[in-house]
Amino acid sequence: MDELAAAMEPLLPGNVWGIVCQQKPLPDEYMVITPVAEQIEVYSGDEDEQASMQYRVSWRSRAGIRGKVEKMKAAAKQAGFLIVDSPVPYYENETGFFVAHIEVMTTQPGE
């Protein structure tokens, strides 16, 4: 998750959080990175196991989300992540935030 946070940090310096935003009151714009799934694959023979990790990156903004999905995708791809989903952005009436998110995956060798 650290590599993904480092890739997103230049887009919103100081406002990229793991799982939940710790700042109170909430800033007008921030990102949250949440683990979605982990899959461990073990191969027979001389192959090592590998772990596939999937994350959701949510960009929450009171000012709107135009162009933010494209920026997140570009940063994730540049850092070597595969984009697996990009749901339609939406507005949360109860919080007043627009929300855009992407889901990404990376595969790492096991130990």
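All of the points below concern the structure found in this document. (Residues numbered from 1 in each chain as written. Predicted model: local features only at pLDDT ≥ 70, side-chain atom pairs only at ≥ 80, totals over all residues. Heavy atoms only, no water.)

**Overview of the overall build of the chain**
Next, step 1: Across its full length, the chain carries two helices and six strands.
Next, step 2: Sequence-ordered secondary structure for the chain, helices as α and strands as β, is α-β-β-β-α-β-β-β.
Next, step 3: For the chain, the spread of C-alpha atoms along the three principal axes comes to 55 × 25 × 25 Å.
Next, step 4: Split into buried and exposed, the 111 residues of the chain put 36% on the buried side.
Next, step 5: When the accessible surface of the chain is totalled, it reaches about 6,700 Å², and 50% of it is carbon and sulfur. (Helix = DSSP H or I, 4+ residues; strand = E, 2+ residues; numbered from the N terminus. Buried < 20%, exposed > 50% of the residue type's maximum accessible area, 1.4 Å probe, protein only. Areas by Shrake-Rupley, 256 points an atom, 1.4 Å probe, with all protein chains shown as cover.)

**Observations concerning the nonpolar core**
Next, step 1: Membership of the largest hydrophobic core comes to 19 residues, with the highest contact counts inside it found for L4, M8, M31, V57 and M72.
Next, step 2: Of all the secondary structure elements, the ones that give two or more residues to this core are α1 (2-8), β2 (29-41), β3 (50-61), α2 (68-78) and β6 (97-109).
Next, step 3: Not counting the four nearest positions on each side in its chain, M8 is found in contact with V16, M31, V57, M72, A75 and A76.
Next, step 4: Among the nonpolar cores identified, the runner-up in size contains five residues, and Y30, V32, F97 and V99 belong to it. (Core = buried A, V, L, I, M, F, W, Y, C linked by side-chain atoms within 4.5 Å. Contact = heavy atoms within 4.5 Å.)

**Things to note about the pairing of β3**
Next, step 1: Here β3 lies mainly inside the structure; 10 of its 12 residues are buried.
Next, step 2: Pairing geometry for β2 and β3, over 12 bridges, is antiparallel. Residue pairing for β3: T34 is matched across the bridge by R56. (Pairing = 2+ DSSP bridges.)

**What about the pattern of salt bridges?**
Next, step 1: Scanning the entire structure with this criterion turns up four salt bridges.
Next, step 2: Its salt-bridge partner being K68, residue E29 comes within 3.2 Å of it at the nearest N-O pair. Of this pair, E29 sits in strand β2 while K68 is found in helix α2, placing the two residues 39 residues apart along the sequence.
Next, step 3: By relative accessible area, which is 24% here, E29 ends up partly exposed.
Next, step 4: Where R60 meets E92, a salt bridge forms, and the shortest distance between an N and an O atom there is 2.5 Å. Here the residue R60 occupies a position in strand β3, and E92 occupies one in strand β5 (residues 90-92), the gap between them amounting to 32 residues.
Next, step 5: Among the residues examined, R60 registers a relative accessible area of 13% and is labelled buried.
Next, step 6: Judged by relative accessible area, E92 falls into the buried class, the value being 14%. (Salt bridge = Lys/Arg side-chain N within 4 Å of Asp/Glu carboxyl O.)

**So, the pairing of β2**
Next, step 1: Summarising the sheet, strand β1 (residues 16-18) and β2 pair through three bridges and their orientation is parallel. Residue W17 lies in a different strand from β2, and its bridge partner there is V32.

**Quick notes on α2**
Next, step 1: Those residues of α2 lying buried are K68, V69, M72, A75 and A76. Seen from one end, α2 has its buried residues packed into an arc of 135 degrees, which puts them on one side. With respect to the buried face of α2, the exposed residues turned more than 90 degrees away are E70, K77 and Q78.
Next, step 2: A positive backbone phi angle near 95 degrees is found at G80, which sits one or two residues after α2. (Arc of directions from axis to C-beta.)

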